[in-house]
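What follows is the residue order along each chain.
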Amino acid sequence: MLIRSTHVVDGMLALRSARAAAARAGAIGREILTLPLLAARLVGGFATPAGTDVLYPAIQAALASESFGDIGTVAGLPGMPRAVLHSLDCAWRADLDLSSLAGEAPRFDDLHRIETYIRDHVPPTHMLPRDLRDTASRRVDLARSLLGPVTLSGLVDVDPLWRPLLNKLARVTDLTWELSVPVEQPWFRGSIQRRAATTPVCTSAEASADPKAEAIEALRWTRQLLATGRVQAQDIAIAATATQDWDDHFLAYARSAGLPLHFSHGIPALSTPEGQACAALADILGNGLNQERVWRMIRRLPARPFAGLLPPDWFAAVPRNAGLRSLDQWREVLAAARPQRADGELVEQVLFPILELLARGAQAAGEAGARLLSAASLAMWEEALRSAPAQAIALSLQALRVADQQDPANSVVWCPASQLAACPRPFTRLLGLTSRSWPRSENDDPLLPHHLLDRRRLHPVGVAERDRRHFEIIQAHTTEQLVLSRSLRNAKGGVLSPSSLWPSDEIVHKRDRIPEHAFSDADRLLARPRDAGHLPHVRQSQLCWRNWQRPSELTPHDGLSSANHPAIEAALSRVQSTTSLQRLLRDPLGFVWRYALGWRSVRFQDDPLQLDAASFGELVHELISGAIAALEPTPGFARASAGEIDAAIVDASTTILKAWPLQRSVPPPILWRHTVNEAARRTACGLAADDQVRSDTRSWTEVPFGQRTAAEEEAPWDTTVAVPIEQTGLVFGGRMDRLDIRATGDGARITDYKSVKPPPKHQRIALGQGRELQRVLYAIAVRSLLPEVRTVVARLIYLAEDPATFELKGDQLDAVVNEAAGYLSAAMAILRGGRIAPRWEQDALHDDMRLALPADRESYLRRKAAEFRAANQQLNRLWSAST
């Protein structure tokens with residue numbers, strides 16, 4: 001194509017906008033370039049400015065292979081390649097000859113050696129800026145035929161690097177600079193055309209609460225302009241000196257609002273699906289294997305080249321709660337699951353080599369990316385590896401930005417002010433006009449501070465001066481409307497003072513104001529409560545809130561329901577468990593939530609450093625069960641010596657030490673061994689604390705009743721028979737911790753183990769406000785299933801610290817059984833009557849149904865205390881009892 005003219009612009013936003021404008025104008029033969037691309041065109045061939053794709057690997061190799069005098073101690077740090085590239089880029093732009101500075105300080109010598117290494121190792125077509133400039137200068141005589149007349153359009157300033165080339169161009173072709181700011185450029189040998197400044201039709205200043213509120217007001221302003229039908233998206237711009245305080249807000253809100261918002265500086269890579277695939281892979285390489293990380297990675301990986309090879313049910317029979325932190329654990333789990341999958345061997349053949357690769361950690365980052373990622377996700381991964389060592393891949397991904405899918409030619413643009421100054425738009429909103437941002441303060445270069453190199457040699461124009469120039473240009477060339485915006489406070493609540501550029505008159509927007517135009521439907525509903533009130537779910541939530549505030553009335557949102565509700569009847573008629581009966585007795589409303597409505601709380605299986613109290617109790621119970629089961633029927637727990645009991649506990653501990661990590665999340669290996677050892681100690685103390693029993697006694701653990709069990713499970717009764725509770729009509733099933741039966745069959749002892757600290761010895765424990773209902777239920781089950789047993793003893797053994805035993809037997813047990821049946825009948829009467837209410841409980845902080853009540857639970861219960869006490873009157877005596 002014949003080049004009739006060349007326009008030089010500054011930055012990708014100006015480049016894309018100028019090309020779109022040229023296309024609309026039908027400007028055939030107009031070449032639009034940046035200064036580096038103009039130099040590359042003069043050089044010819046395949047020459048191109050060296051980009052980060054070749055510079056970062058070269059810098060990493062230089063830092064690893066060279067020995068340095070000044071930066072050697074920090075050369076291996078994760079952020080060093082980025083810092084070196086930043087310093088070199090600043091030196092190149094300032095046209096500094098590092099070879100001539102090498103003798104002034106060791107730092108300059110180190111940077112010169114890195115520059116030389118880069119020059120020697122990058123491909124010849126990828127040229128460093130000074131080399132590109134010098135080569136282009138030698139071919140400047142071809143400029144008239146290659147470039148035609150050259151116009152610098154929108155450039156605020158020209159780096160010293162390119163000034164000699166431009167002056168040489170001015171001698172061989174027409175060179176014009178359309179200058180936007182009234183600043184003298186005595187070095188420039190071409191012609192200068194001053195752009196005429198314009199006065200915006202409307203200029204205003206608006207103050208908002210914080211950066212989030214600023215972003216919301218900016219989007220409302222954008223929607224208002226677009227709603228007129230006279231303003232197009234490509235005429236609107238939103239800018240700030242630095243964008244990081246607003247990026248996340250704009251990214252989230254613009255998507256929900258459906259506004260065409262272009263991020264000229266790119267969006268965070270981690271906000272994209274491809275970035276999330278990279279993050280999931282980096283999480284495994286950096287923190288090690290576990291099931292949750294593997295699941296997350298496979299869900300996010302692209303179908304090719306790996307994820308599509310796995311069958312959809314690859315996870316079948318893999319225990320979902322297992323931690324699976326090692327290759328051996330994965331191998332055992334996959335092997336055990338093989339019979340339950342038709343293609344079990346295929347899963348192992350495909351998945352296990354990848355797990356072996358991931359287990360190598362960060363050193364396998366390159367190979368892992370090539371085998372698991374593709375297309376955009378692979379490009380992100382490789383870019384992140386180029387800018388930092390593999391061990392810091394997570395940090396590199398956080399800093400990585402990628403191009404969004406919007407085109408500035410038909411979108412509202414959100415950009416740094418430096419980019420907007422190169423291509424102003426008719427409608428502009430400037431954010432963050434506080435004393436910290438407009439203008440910004442200047443910071444030293446990390447490797448070339450002011451005491452080594454004068455700041456003005458490295459940056460001829462300071463940051464504050466550049467910000468002021470950008471503001472003047474934007475203000476002078478915004479033709480229609482300019483809105484200035486600032487935050488009263490920062491995101492942490494600190495007070496922000498206005499910028500020196502801020503006008504005296506301002507409009508303060510309150511958070512709860514009703515805007516003329518909402519930027520999204522959610523914003524409209526938030527700003528207009530009457531509109532929101534027409535929505536069914538909003539009406540229902542408002543009614544719920546009002547009902548919670550009524551002090552002297554029991555409402556449906558407190559628990560009131562119709563009498564004999566079918567869902568409650570169905571929940572009561574099912575075969576209960578000891579846990580459900582305990583909840584019925586202690587919290588009737590919680591019973592309705594769990595068993596009538598089917599509510600379940602979500603349990604997060606994070607990597608724990610210690611087991612919670614419930615899991616530790618399960619561990620102790622399993623140890624006791626394993627030890628006693630190993631001693632029965634031969635030699636029999638009652639006849640076993642102390643050494644045999646200790647050996648059985650050790651064997652059970654070894655089994656659990658290996659088995660539990662394949663079934664659930666457990667602490668890291670060292671802590672896990674310590675936890676099992678502590679549970680084994682408590683188990684040994686508990687079993688040693690048993691009273692001497694007759695040698696003909698047979699012991700069972702985890703004895704099932706009222707449920708179907710595996711054929712090999714041994715029990716002293718028919719395990720499928722559910723146990724009725726007289727007077728209530730309830731039936732239940734479950735498992736007993738331990739059951740001892742004499743050979744004569746006339747006596748039985750039930751043991752319920754507790755791994756927590758025991759209450760005071762003098763305290764008599766019967767139902768314990770409903771907490772200790774289980775052993776009473778076990779006694780009912782033994783009497784029902786073994787009618788020949790005449791003597792039943794139900795005991796609690798607390799294993800923490802010194803083991804303590806609390807027994808119920810004889811008339812005392814009979815009285816507690818009758819008391820429990822009476823309270824269960826009372827709880828059923830409450831549910832069937834429909835007047836159901838929450839109850840006050842001291843340990844409700846650990847209740848997994850706590851979220852179903854108001855956040856200020858204590859005030860709520862206090863406000864409605866009289867109504868709740870009246871509704872729960874039949875159970876108040878149980879809940880207030882000390883035993």
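The coordinates are above.
The structure reproduced in this document is the subject of the present report.

About the cut-offs
Residues numbered from 1 in each chain as written. Predicted model: local features only at pLDDT ≥ 70, side-chain atom pairs only at ≥ 80, totals over all residues. Heavy atoms only, no water. Helix = DSSP H or I, 4+ residues; strand = E, 2+ residues; numbered from the N terminus. Rg over C-alpha atoms; globule rule 2.2 N^0.38 Å. Buried < 20%, exposed > 50% of the residue type's maximum accessible area, 1.4 Å probe, protein only. Contact = heavy atoms within 4.5 Å. Areas by Shrake-Rupley, 256 points an atom, 1.4 Å probe, with all protein chains shown as cover. Lys, Arg positive; Asp, Glu negative; His and termini not counted. Charge placed at Lys NZ, Arg CZ, Asp CG, Glu CD. Pairing = 2+ DSSP bridges. Axes fitted to C-alpha atoms, helices over the stretch in contact; angles between N-to-C directions. Polar contact = N/O pair within 3.5 Å; in protein donor to acceptor, adjacent residues only side chain to side chain.

1. Description of the overall build of the protein
Right, so step 1: Scanning the protein for helices and strands turns up 35 helices and 23 strands.
Right, so step 2: In summary, the protein has a C-alpha radius of gyration of 38 Å against a globular reference of 29 Å for 883 residues, an excess of more than 25%.
Right, so step 3: Based on the C-alpha atoms only, the size of the protein along its principal axes is roughly 120 × 65 × 55 Å.
Right, so step 4: Put simply, the protein has 883 residues, and 51% of those count as buried.
Right, so step 5: A fraction of 73% describes how many contacts in the protein between residues 6 or more apart in sequence connect residues 24 or more apart.
Right, so step 6: Approximately 41,100 Å² of the protein is accessible, and the part contributed by carbon and sulfur atoms is 52%.
Right, so step 7: Between the centroid of the 102 positive side chains of the protein and the centroid of its 101 negative side chains there is a distance of 4 Å.

2. Things to note about the sheet that holds strand β1 (residues 5–8)
Right, so step 1: Taking strand neighbours across the sheet as the criterion, the five strands line up as β2-β1-β5-β6-β7 in an open arrangement whose pairing is parallel. Strands with a single pairing partner mark the edges of an open sheet, and in this sheet they are β2 (30–33) and β7 (191–194). In this sheet, neighbouring strand axes are inclined to one another by 20° on average, regardless of whether the strands run parallel or antiparallel.
Right, so step 2: Direction of pairing for strand β5 (residues 150–153) relative to strand β6 (residues 175–179): parallel, over a ladder of four bridges. Paired with Ser153 across the two strands is Glu178, which belongs to β6.
Right, so step 3: Contacts from helix α2 (residues 35–43) reach β1, β2 and β5, with the element oriented near 120° to β2.

3. Some remarks on unusual backbone geometry
Phi is mostly negative for residues that are not glycine, and the peptide bonds are mostly trans.
Right, so step 1: Residue Pro305 is bonded to the preceding Arg304 through a cis peptide linkage, with omega at 10°.
Right, so step 2: Inspection of the secondary structure assignment puts Pro305 in the loop between α13 (291–300) and α14 (327–337).
Right, so step 3: At the junction of Thr634 and Pro635, the peptide bond is cis and its omega measures out at 0° in the coordinates.
Right, so step 4: Take Pro635: it is sitting in the loop between α28 (613–631) and α29 (642–659).
Right, so step 5: Its identity as a non-glycine residue notwithstanding, Ala375 has a phi of 50°, on the positive side.
Right, so step 6: With respect to the helices, strands and loops of the structure, Ala375 is situated in helix α17 (residues 375–387).

4. Quick notes on the side chain of Arg107
Right, so step 1: The residue Arg107 is located in helix α6 (residues 106–121) in this model.
Right, so step 2: Separated by 2.5 Å, the side chains of Arg107 and Asp70 make a polar contact.
Right, so step 3: Discounting residues that sit within four places of it in the chain, Arg107 has contacts with Asp70, Ile71, Pro446, Leu447, Leu448, Pro449 and Leu452.

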